[in-house]
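Now for the letters of each chain:
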2 protein chains.
Amino acid sequence: MSPPPAKPPRSKNPHGATESCLAVRDILTRVGDKWSVLVVGSLGEGPLRFSDLKRGIEGISQRMLTLTLRGLERDGLVTRTQYPTVPPRVEYALTPLGHTLLDPVQELARWALESRAAIQTARGRYDTKPKPPPASGPTRR
Amino acid sequence: MSPPPAKPPRSKNPHGATESCLAVRDILTRVGDKWSVLVVGSLGEGPLRFSDLKRGIEGISQRMLTLTLRGLERDGLVTRTQYPTVPPRVEYALTPLGHTLLDPVQELARWALESRAAIQTARGRYDTKPKPPPASGPTRR
DNA sequence: CGGGATCCGAGACGATACTG
DNA sequence: CAGTATCGTCTCGGATCCCG
């Protein structure tokens, strides 16, 4: 529909880390969205039904829960099992691959809990003094 | 500018994990954006100037680099040191708190590299068969 | 060299209504 | 109960211009 823009090829690779950067950003696009980690975390304790997930995460809309679960299922991180009963019942569970994600995520969660106070303190400090008076020498703010 | 909507307070806490959820999501909002981890990763090897960061990350615009650095500086994860020379020279470095973030992030990066192949395989499988014919019993797809 | 200001498109997200 | 469809909003992020 549109002419192919033909991305300009990477010119150089000053740090030699470009390949892994792409992979890492790819994963963070998946995991770093607003809800994925919370869903994975909830499923870490065991399989859950759709409604239980929705109740457990509190604040998520059924739309986002559906989209998040689809994405995770697509990436092979969760499985979807649907029982053709009435009323319908669908259970979600982590795959083995999904379980391996649980560890790094929990590490990050631990860091978040440990650092939350420090970060909020820093934010308060930053927000209250955006006043660097002109002086001589290197300016630290 | 707008009238305060006065968020309705949380009604219940079915899993007892709501508090940490907020903290984790808060951190992921900071770290899970498109560039923060890459900036932190680049600075992990040592302090860098603005232009070096821009060159090293490749693909980032100076706008996003500036915004990302401001955010990280605000949260106390990086320091900004500006030398009043001509031409101006600004160096960014990780704070001790920023260094503590490096570890969990690298774990996640390792997971990303290890799981990338599996994820892409799963994606391909999911994209090629969205065709569950109606059958009896629990349906796995 | 470093970075602020502005414009703009694309996608993420939420609320609601409807279906099987 | 477990979704899908549609809509409106809002933020993210890139391009560009300008300033110290």
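Residues numbered from 1 in each chain as written. Chains lettered and ligands numbered in written order. Predicted model: local features only at pLDDT ≥ 70, side-chain atom pairs only at ≥ 80, totals over all residues. Heavy atoms only, no water.

### Describing the overall build of chain A
- Scanning chain A from terminus to terminus reveals five helices and four strands.
- In sequence order, chain A lays out its α and β elements as α-α-β-α-α-β-β-α-β.
- Across chain A, every contact between residues at least 6 apart in sequence was considered, and the portion connecting residues at least 24 apart equals 44%.
- A total accessible area of about 8700 Å² is found for chain A, and carbon and sulfur atoms account for 56% of it. (Helix = DSSP H or I, 4+ residues; strand = E, 2+ residues; numbered from the N terminus. Contact = heavy atoms within 4.5 Å. Areas by Shrake-Rupley, 256 points an atom, 1.4 Å probe, with all protein chains shown as cover.)

### As for the confidence of the model for chain A
- For chain A, per-residue confidence averages 82 on the pLDDT scale, and residues scoring 70 or more make up 78% of the total.
- Taken as a whole, residues 1-16 of chain A scores under 50 in pLDDT and shows 10 contacts with residues more than four places along the chain or in a different chain. (pLDDT = per-residue confidence, 0-100.)

### Points about the interface of chain A and chain B
- With 58 residues of chain A in contact, the opposing surface of chain B contributes 60 residues.
- For the chain A face of the interface with chain B, the top three residues by lost area are Arg 74, Trp 111 and Arg 123 of chain A, together amounting to 12%.
- The tally of links between chain A and chain B comes to six salt bridges.
- Taken together, the connections running from chain A to chain B amount to eight residue pairs in polar contact (both at pLDDT 80 or more).
- Breaking the side of chain A that touches chain B down by element, the ones donating at least two residues are helix 1 (18-31), helix 2 (36-43), helix 3 (50-57), helix 4 (62-74), strand 2 (78-83), helix 5 (96-128) and strand 4 (139-140) of chain A.
- With 18 residues, helix 5 of chain A is the single largest residue contributor to the side of chain A that touches chain B.
- For the side of chain A that touches chain B, the per-class residue count stands at 25 nonpolar, 14 polar and 19 charged. (Buried area = accessible area lost by both parts, 1.4 Å probe. Salt bridge = Lys/Arg side-chain N within 4 Å of Asp/Glu carboxyl O. Polar contact = N/O pair within 3.5 Å; in protein donor to acceptor, adjacent residues only side chain to side chain. Nonpolar A, V, L, I, M, F, W, Y, C, P; charged D, E, K, R; others polar.)

### A closer look at the packing of helix 5 of chain A against helix 5 (residues 96-128) of chain B
- Relative to each other, helix 5 of chain A and helix 5 of chain B sit at 165°, their axes nearing to 10 Å. Relative to helix 5 of chain B, the element helix 5 of chain A is oriented roughly antiparallel. Considering only the axes of helix 5 of chain A and helix 5 of chain B, their crossing is left-handed. Contacts from Leu 97, Thr 100, Leu 101, Pro 104, Glu 107, Leu 108, Trp 111, Ser 115, Ala 118 and Ile 119 of chain A in helix 5 of chain A reach Leu 97, Thr 100, Leu 101, Pro 104, Glu 107, Leu 108, Trp 111, Ser 115, Ala 118 and Ile 119 of chain B in helix 5 of chain B.
- Counted by class, the contact of helix 5 of chain A with helix 5 of chain B contains 14 nonpolar, four polar and two charged residues. (Axes fitted to C-alpha atoms, helices over the stretch in contact; angles between N-to-C directions. Parallel < 35°, antiparallel > 145°, perpendicular 65-115°, else oblique. Left-handed = near helix turned anticlockwise from the far one by under 90°.)

### A closer look at helix 5 of chain B
- For helix 5 of chain B, which comprises 33 residues, the first-to-last C-alpha distance of 47 Å matches the rise-based estimate of 48 Å (1.5 Å per residue) to within 8%.
- Along helix 5 of chain B, the sharpest kink reaches roughly 50°, centred on Ser 115 of chain B. (Expected span 1.5 Å × (residues − 1). Bend = angle between axes of the 7 residues up to and from the residue.)

### Some words on the protein's contact with DNA strand C
- Around DNA strand C lies a shell of 18 residues, among which Met 64 of chain A together with Phe 50, Ser 51, Arg 70 and Arg 80 of chain B are the nearest.
- The contact atoms of DNA strand C, taken as those within 4 Å of the protein, divide so that sugar and phosphate hold 68%.
- Within the contact set of DNA strand C, a phosphate oxygen lies 3.4 Å away from a side-chain nitrogen or oxygen of Arg 49 of chain B.
- In this structure, a base oxygen belonging to DNA strand C sits 3.3 Å away from a side-chain N or O atom of Arg 63 of chain B.
- Contributing elements (two or more residues each) for the surface near DNA strand C: helix 4 of chain A together with helix 3 (50-57), helix 4 (62-74) and strand 3 (89-94) of chain B. (Near = heavy atom within 4 Å.)

### So, the environment of Leu 67 of chain A
Residue and element names in this part refer to chain A.
- Structurally, Leu 67 is set in helix 4.
- Owing to a relative accessible area of 42%, Leu 67 belongs among the partly exposed residues under this scheme.
- Linking Leu 67 and Gly 32, residues 35 residues apart in sequence, is a C-alpha distance of 14 Å. (Buried < 20%, exposed > 50% of the residue type's maximum accessible area, 1.4 Å probe, protein only.)

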